[in-house]
Every structure is written in C-alpha cells, then in structure tokens.
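Spelled out from the first residue to the last, the chains are:
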Amino acid sequence: MESAARIIGTGSAFPERRMTNDDIAQELIRFGLKTNNQWIIERTGIIERRISNIQNEAEINSSLGARAAKIALERAGRKPEDIDQIIYATCSPDTLMPSTACWLQQKIGARSAWAMDINAACSGFIYGVVTAEQFILSGHSKTVLVVGGEVLSQWVNWQDRNICILFGDGAGAAVVEQVPARSSQRILSSHLSSDGNLSKLLYIPAGGSSLEVTPERYAQNLHKMHMSGRELFKVAVRTLTECALRTLEKLHMPAIKLDWFVPHQANLRIIEAVANRIGIPMEKVIINLDRFGNTSAATIPTALDEAIRDGRIREGQTVLTDAFGSGLTAGALLFRW
Ligand code: COA
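Residues numbered from 1 in each chain as written. Predicted model: local features only at pLDDT ≥ 70, side-chain atom pairs only at ≥ 80, totals over all residues. Heavy atoms only, no water.

Right, let's talk about the pairing of strand 5 (residues 114-118) for a bit. With five bridges connecting them, strand 4 (residues 85-89) and strand 5 associate as parallel partners. Within the sheet, the bridge partner assigned to Y88 lies in strand 5 and is D117. Tracing the backbone out of strand 4, into helix 4 (residues 100-108) and back to the parallel element strand 5 gives a crossover that is right-handed. (Pairing = 2+ DSSP bridges. Helix = DSSP H or I, 4+ residues; strand = E, 2+ residues; numbered from the N terminus. Right-handed = clockwise from strand over helix to strand, strands pointing away.)

Below you can see the structure in the form of structure tokens.
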C-alpha cells in the first residue's frame, strides 16, 4: 500500500516552578550583573519560563516526556502497546547512556517499541517527525511516538546574562501514524539542513569525550552552554526563512495559503523577522515563548499542542513548523492537521 504519515495526537508537560524575569534579575545581582524585566521583554519577548527541580523525579527530562506522551496517546486514542518506535529529540538527556527514549519507554510501558534519541538541538522535534515519517513510508513502523523534551536549565550558565534569560524546561509529544497516501490529513512536505561550520555559535565545550570536565574547566563554566547571540540571531533569521520557503516551494504553495505558522520559540524578534520575510501575518503565528521561553526541542510540540487544544488549529488546516538550533541545524515541516 502506498502510504503517508500523519500526526494524530499531541501532548505537553512543564515543570511547576515559574521563573520570572525579575527572579533572574535577582539571581544576577549575586554575581554583580544587571538585567531587568523591560530589557528582556523588549529584546526577546520572554516574560517567564519553567525550571525543573531535578531532585523531583517527576520533573527530570524523561518524566516530563512521559507525561506529554501519555496525553498525546490519549488524544490519539492509542495505547502504549500500540507504539512500535520511540524517537526522543533532546540535547539535555537524563543520562548519556542509556538514551532518554529508553527511560521514557519504561515509564510509559511501551513494551513493543524500539527506542532511540536524536540530538539536533532545537530542531530536534522536526528532525524526529521527519525521521518517523521515513520509517513509516518504508513500511518499517506504523505508529511512532516523537517527543521533544529538554531540561536545558542544567546547562545554563546563570552568570551569563545573554543565555540565562532565554531558556526554559518542558516537553511536547506527538503520535505519528501511517495513513493511506491519498489522505488529505498528512505530512505534506519538509526540508532539513545543517551546517557544521557554525557549530561554535552555540555549544557546550566540555563534558563530551573530546574534553573532560576538570575542576579548572568547571570553574570556567566550560560544561555550560556558550553562545554568540548576535551572530546566531542573524543566521537564525536567514536559515529559518530559507527552510520555510524551500518546504513551501516543494508543493508550489504560496505562504498566503498557510493557516498557521509554528516557529521555534527562540526570540520574538527572530519570529517577527522570519514571518515578515516569508509573508505570514503575525495573527497566524503561534507563540508560547512569553510564558515558557526557549525550551529547545520542546518549543514546537508544546506550542502546537496548545494551539490544537484551545481550538485555534482546526482539522483540515495547513500548518508550517520551522526550527533552527545548535549544529547549526535547521528544518521545516508542513502538514495538514
Ligand atoms: N540584560 C541587559 N543588558 C544586556 C543583557 C541582559 N540580559 N544581555 C546583553 N545586554 C547588553 C549587552 O551587554 C549590550 O550592551 P553594550 O551595547 O553596552 O555592549 C547590549 O545589551 C546589546 O547586546 P546584544 O548582544 O547586541 O543584544 P541583542 O539585542 O542581540 O540581544 C540576545 C541579545 C541574546 C537576546 C539576542 O542576540 C538573541 O536572542 N540571539 C539569538 C539567541 C538564540 O536564539 N539562541 C538560541 C538558539 S536555539
């Protein structure tokens, strides 16, 4: 049978603790640094974010992912036993070994599935859904659970005011399933890209096998995220625009025909610049970064889930998602809900 893939259910989960911009300003005072609510809102659009308490098992990455996955399965009308593949997109895994996907598998009891992680940083959810689609099209899998989950607060340098204002924790999930090729509700088109020459725009120098964390490197915060914010901003606008346009071009679809745009939630100014370049009015753009900040691989599935739940995204509507992240990775995915 000629087949296609379709997202049939979504879910999301966040830790309890809200950290406001004023809370961050208070934290920074301890290190002799300044920021303020107005600056953060004007430069990023973020008002608050959620931060996991990792002493609480319920708020580690795989537990947030499991909560999101259970909701997605319920909405899709599927049971954990129905899943034959789990893809967990994350760059802040519970452990380097085993994968966060395996921790999640145990938590939701998906006994028939095989499980793996994907690390494409903030583009991870789109990479995950496109990977799921390919396994479905090849006939290897029928029902795939894709999770984008992060607890990147553990890798935030709380003494770097460029970074600590941006990130938050959370997880989103989607069930992707095989449908007949002629189905109108399906994944329509996608485009993925990466450019390893830009790796150092956002990276964690130490803690992998290339650079051990020694007490000296720990003191220099080399085990935390390092970012060239201004440069990344420009690359983000260019790459997001390019990915979105190439995805639309594959279907000869003008942007005006889109019902919704769900971009990676890194910075409101990046989102506005990209929407403007593609030609999508801001009324059609789904935003959740004001309340959750940049949750990396979780931004798109959580924003998508919120808009589906509150009835903005309705059956039969066309949705374009678009992300960029460390790597530098990027990807866009167009589907009919
Ligand atoms: N509070 C107050 N002032 C701050 C500040 C903060 N948190 N962070 C930086 N500043 C200051 C800078 O020191 C600089 O001061 P100066 O002009 O006296 O040197 C000024 O504000 C402007 O800094 P700049 O870095 O040009 O700000 P910006 O407008 O580029 O905003 C970011 C900084 C990080 C918000 C922005 O570059 C950004 O969002 N980049 C993309 C990052 C991203 O998306 N990362 C995730 C990728 S998945």
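Don't stop here, the text continues.
Nonpolar side chains in soluble globular proteins tend to end up buried together. Core analysis: the biggest nonpolar cluster contains 48 residues, and L248, I270, I278, L320 and F324 have the highest contact counts within it. When contributions to this core are tallied by element, the ones reaching two or more residues are helix 1 (21-29), helix 7 (229-249), helix 8 (268-278), strand 12 (318-325) and strand 13 (329-336). At eight residues, helix 7 tops the list of elements feeding residues into this core. Beyond its immediate stretch of four places on either side in the chain, I278 contacts T241, A244, L245, L248, A255, F261 and D322. Counting residues in hydrophobic clusters, the runner-up holds 31 residues, among them I7, A120, V129 and W260. (Core = buried A, V, L, I, M, F, W, Y, C linked by side-chain atoms within 4.5 Å. Buried < 20%, exposed > 50% of the residue type's maximum accessible area, 1.4 Å probe, protein only. Contact = heavy atoms within 4.5 Å.)

In this section: the packing of helix 3 (residues 61-76) against helix 4. Closest axis-to-axis distance for the helix 3/helix 4 pair is 9 Å, and the angle between their directions is 55°. Between helix 3 and helix 4, the angle falls in the class oblique. Helix 4 is crossed by helix 3, and the crossing has right-handed handedness. Along the contact surface, helix 3 presents N61, S62, S63, G65, A66, A69, K70 and L73, while helix 4 presents T100, W103, L104, K107 and I108. A class-by-class count of the residues in the contact of helix 3 with helix 4 yields six nonpolar, five polar and two charged. (Axes fitted to C-alpha atoms, helices over the stretch in contact; angles between N-to-C directions. Parallel < 35°, antiparallel > 145°, perpendicular 65-115°, else oblique. Left-handed = near helix turned anticlockwise from the far one by under 90°. Nonpolar A, V, L, I, M, F, W, Y, C, P; charged D, E, K, R; others polar.)

Turning to the sheet that holds strand 13, a few remarks are in order. Sheet architecture is open: four strands sit in the order 8-13-12-11, paired in mixed fashion. Single-partner strands in this sheet number two, and they are strand 8 (187-194) and strand 11 (260-263). Direction aside, the axes of adjacent strands within the sheet are offset by 10° on average. Looking at chain direction, strand 12 and strand 13 are connected through eight bridges and run antiparallel. For F324, the partnering residue across the bridge sits in strand 13 and is A330. Against the sheet, helix 7 makes contact with strand 8, strand 12 and strand 13, and its axis sits at roughly 145° relative to strand 12, the strand it touches most.

Where empty space is left becomes clear once a probe the size of a water molecule has been rolled over the atoms. In this model, the largest pocket occupies a volume close to 900 Å³. What lines the largest pocket is a set of 35 residues, among which C91, S92, P93, W155 and I204 lie closest to the centre. When contributions to the lining of the largest pocket are tallied by element, the ones reaching two or more residues are strand 5 and strand 9 (202-203). For the lining of the largest pocket, a count of residues per class yields 19 nonpolar, 14 polar and two charged. (1 Å grid on protein atoms, 1.4 Å probe; cavity = no way out; pocket = protein on both sides within 12 Å on 5 of 7 lines; lining within 4 Å. Points joined across faces, edges and corners; volume = space filled by probe spheres on them.)

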